[in-house]
Amino acid sequence: MMMDIESIIYNPILRGILGLCIMGAVFGGACVAVWFERKLSADVQQRYGPMRVGPHGLLQLAADAIKLFTKEDIIPKNADRLLFVSAPIVLMGSVFLMLVALPFGAIIIDGQSYVIAATEMDISLLYIEAMSAISIIGIFMVAYSANNKFSVLGAFRNFARMIGYEVPLGICVVSVAIMAGSLNIVEIAEAQSPMWFIIMQPLGAIVFFIALMADMGRHPFDQNESEEELIAGWITEYTSMRFGYGFFAEYIHLILGSMLVVLLFLGGWNLPAFLTDITILGVILPTAFYLLKVALVMLFIIMIRWAVPRYRIDQVVDLSWKKLLPLSLLNLGWVIGLGLLGVY
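Residues numbered from 1 in each chain as written. Predicted model: local features only at pLDDT ≥ 70, side-chain atom pairs only at ≥ 80, totals over all residues. Heavy atoms only, no water.

A few points about the overall build of the protein
Part 1 of the argument: Regarding its fold elements, the protein presents 13 helices and 2 strands.
Part 2 of the argument: Evaluated residue by residue, the protein yields a buried proportion of 48% over its 344 residues.
Part 3 of the argument: Across the protein, contacts joining residues at least 24 apart in sequence account for 80% of those joining residues at least 6 apart.
Part 4 of the argument: A total of about 16,500 Å² of accessible surface is found on the protein, and carbon and sulfur atoms cover 71% of it. (Helix = DSSP H or I, 4+ residues; strand = E, 2+ residues; numbered from the N terminus. Buried < 20%, exposed > 50% of the residue type's maximum accessible area, 1.4 Å probe, protein only. Contact = heavy atoms within 4.5 Å. Areas by Shrake-Rupley, 256 points an atom, 1.4 Å probe, with all protein chains shown as cover.)

Below, the structure written as structure tokens:
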């Protein structure tokens, strides 16, 4: 019976269909994230904004889609057409490549856990980090091809931020891998069944979260597109759906970043002890619990956008090299010390 279930779940055709379903779910989740951020901002700042378009602003997404599809697609006269046209493809490609290895939950059948993911690999954590870094290539292609100084300035701000924050981010990832004894993100999530890693290394979780916020370019780390300084930064010359691709990729990265926080530090799909015996809901409960935590992390990230002022670019660089890097090294030493003491 177990072999029959595994042969069905790990069937290549079924995995391909699952991958397409995951892509559709992520795009739908990005639409919900756009609507939710606008609604929350309207509530926090006590303004109507797009909330007038349909009930609770639900039709604003349709209005934006119509606007982006119908606006004129302008390519600057002196732009590098090949790079200008292909840059959004690289940005979205980075997202799709990350989706390959990211798990979206798990189902429990006859006491056995099966992960909902397009594929599993032993070095999935390194793979996800590498694929997320491809987006920097797309951003540079956007800025360079547009032949616009504001775009280039935004791209180089992005380079400075990503280089500075990728280092503490990577060190925190290494700390998690050491504690779990694996680079497989599925095994890392399953290793947190007795205790979440945020409890065992709270400093690492905080550093990772801040570095991830900067890596995603979320407020207060959105200096590469700060409108009061750089118009729209790296994406200034893009219009129509080319602008929509870059905008949409940012929200998909928000979803994937929230998933990484949950998988690495918040226990993934592992259920609390009092729910582990509810086998009748084993098919849906772990995934539902996982997605609930992802939604809460997204809510927290969105709330930060409307509660914290944007940093200056020099403050951003100082924060990464002078504060987060030493703290990430301190957390790495803490994890190694716990391992030597046999805590995990």
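Resuming the write-up.
A short note on the confidence of the model for the protein
Part 1 of the argument: Mean pLDDT for the protein: 79, with 87% of residues reaching 70 or above.
Part 2 of the argument: Helix α1 (residues 2-9) is the least confidently modelled element of the protein, averaging 53 in pLDDT, while helix α8 (residues 197-200) averages 90, the highest of any element. (pLDDT = per-residue confidence, 0-100.)

Thoughts on the environment of A191
Part 1 of the argument: Residue position: A191 is located in the loop between α7 (185-190) and α8.
Part 2 of the argument: A residue is classified by how much of its surface remains accessible, and A191, at 29% relative accessible area, is partly exposed.
Part 3 of the argument: In sequence terms A191 and G268 are 77 residues apart; their C-alpha atoms lie 9.5 Å from each other.

Points about the environment of V174
Part 1 of the argument: If you trace the backbone, V174 turns up in helix α6 (residues 149-180).
Part 2 of the argument: Residue class for V174 comes out partly exposed when judged on its relative accessible area of 41%.
Part 3 of the argument: Sequence separation between V174 and L125 is 49 residues, and the spatial gap between their C-alpha atoms is 9.6 Å.

Quick look at the nonpolar core
Part 1 of the argument: Grouped together as the largest cluster of nonpolar side chains are 70 residues, with contacts concentrated most on L102, I185, F208 and L264.
Part 2 of the argument: Looking at this core element by element, the count peaks at 14 residues for helix α11 (residues 240-265).
Part 3 of the argument: Once residues within four sequence positions are removed from consideration, F208 is found in contact with L169, C172, V173, L260, V261, L264 and F265.
Part 4 of the argument: By size, the runner-up hydrophobic cluster in this structure holds 17 residues, among which are L91, I139, A146 and W234. (Core = buried A, V, L, I, M, F, W, Y, C linked by side-chain atoms within 4.5 Å.)

Concerning helix α9 (residues 202-216)
For an α-helix the count is 3.6 residues per turn, leaving residues at separations of three or four pointing the same way.
Part 1 of the argument: Compared with the 21 Å implied by 1.5 Å per residue over 15 residues, the 21 Å span of α9 between its first and last C-alpha is a close match.
Part 2 of the argument: Burial analysis of α9 places 11 of its 15 residues in the buried class, which makes it a mostly covered element.
Part 3 of the argument: Taken as a whole, α9 has its buried residues at G204, A205, V207, F208, F209, A211, L212, M213, A214, D215 and M216.
Part 4 of the argument: Phi turns positive, to about 75 degrees, at G217, one or two residues after α9. (Expected span 1.5 Å × (residues − 1).)

Digging into empty space enclosed by the protein
Part 1 of the argument: Throughout the structure, instances matching the rule amount to 2 cavities of 30 Å³ or more.
Part 2 of the argument: The space that makes up the largest cavity amounts to roughly 350 Å³.
Part 3 of the argument: In this structure, the largest cavity is lined by 24 residues; those nearest its centre are S135, D215, M216, G217 and H253.
Part 4 of the argument: Elements supplying a minimum of two residues to the lining of the largest cavity: α4 (81-101), α5 (124-146), α6, α9 and α11.
Part 5 of the argument: Ranked by residue count, the leading element in the lining of the largest cavity is α11, at 7 residues.
Part 6 of the argument: When grouped by side-chain class, the residues that make up the lining of the largest cavity number 11 nonpolar, 8 polar and 5 charged. (1 Å grid on protein atoms, 1.4 Å probe; cavity = no way out; pocket = protein on both sides within 12 Å on 5 of 7 lines; lining within 4 Å. Points joined across faces, edges and corners; volume = space filled by probe spheres on them. Nonpolar A, V, L, I, M, F, W, Y, C, P; charged D, E, K, R; others polar.)

What to know about a negative patch on the surface
Part 1 of the argument: Where like charges cluster on the molecular surface, the negative patch consists of E120, D122, E187 and E190.
Part 2 of the argument: The residue E187 is located in helix α7 in this model. (Patch = residues over 30% accessible without salt bridge, like charges linked within 9 Å, V, L, I, M, F, W, Y side chains within 5 Å. Salt bridge = Lys/Arg side-chain N within 4 Å of Asp/Glu carboxyl O. Lys, Arg positive; Asp, Glu negative; His and termini not counted. Charge placed at Lys NZ, Arg CZ, Asp CG, Glu CD.)

Some remarks on the layout of surface pockets
One simple way to see leftover space: roll a probe sized like a water molecule over the atoms.
Part 1 of the argument: Each pocket or cavity is described by its volume, and for the largest pocket that value is around 970 Å³.
Part 2 of the argument: Considering the residues around the largest pocket, the lining is formed by 36 residues, among which R38, F243, F247, F248 and Y251 are closest to the centre.
Part 3 of the argument: Secondary structure elements with two or more residues in the lining of the largest pocket: α2 (12-44), α3 (60-70) and α11.
Part 4 of the argument: It is α11 that contributes the most residues to the lining of the largest pocket, 10 residues altogether.

So, the packing of aromatic side chains
For any pair of aromatic rings, the description rests on two quantities: the centre-to-centre distance and the angle between the ring planes.
Part 1 of the argument: One pass over the full model with this rule turns up 5 aromatic pairs.
Part 2 of the argument: Arranged with centres 6.3 Å apart and planes meeting at 50 degrees, the rings of W35 and F36 form a pair that is tilted.
Part 3 of the argument: Given the relative accessible area of 29%, F36 is considered partly exposed. (Phe/Tyr/Trp six-rings, centres within 6.5 Å; stacked < 30°, edge-to-face > 60°.)

Observations regarding the pattern of salt bridges
Think of it this way: side chains of opposite charge can pair up when their charged atoms draw near.
Part 1 of the argument: This structure, assessed with the given rule, holds 2 salt bridges.
Part 2 of the argument: The shortest N-O distance in the salt bridge between D318 and K322 comes to 3.7 Å. Of this pair, D318 and K322 both sit in helix α13 (residues 313-340), 4 residues apart, roughly one helical turn.

A word on a nonpolar patch on the surface
Part 1 of the argument: Taken together, the side chains of F140, Y144, V152 and F156 define a hydrophobic patch exposed on the protein surface, amounting to about 390 Å² of accessible area.
Part 2 of the argument: When contributions to the nonpolar patch are tallied by element, the ones reaching two or more residues are α5 and α6.
Part 3 of the argument: Inspection of the secondary structure puts F156 in helix α6.

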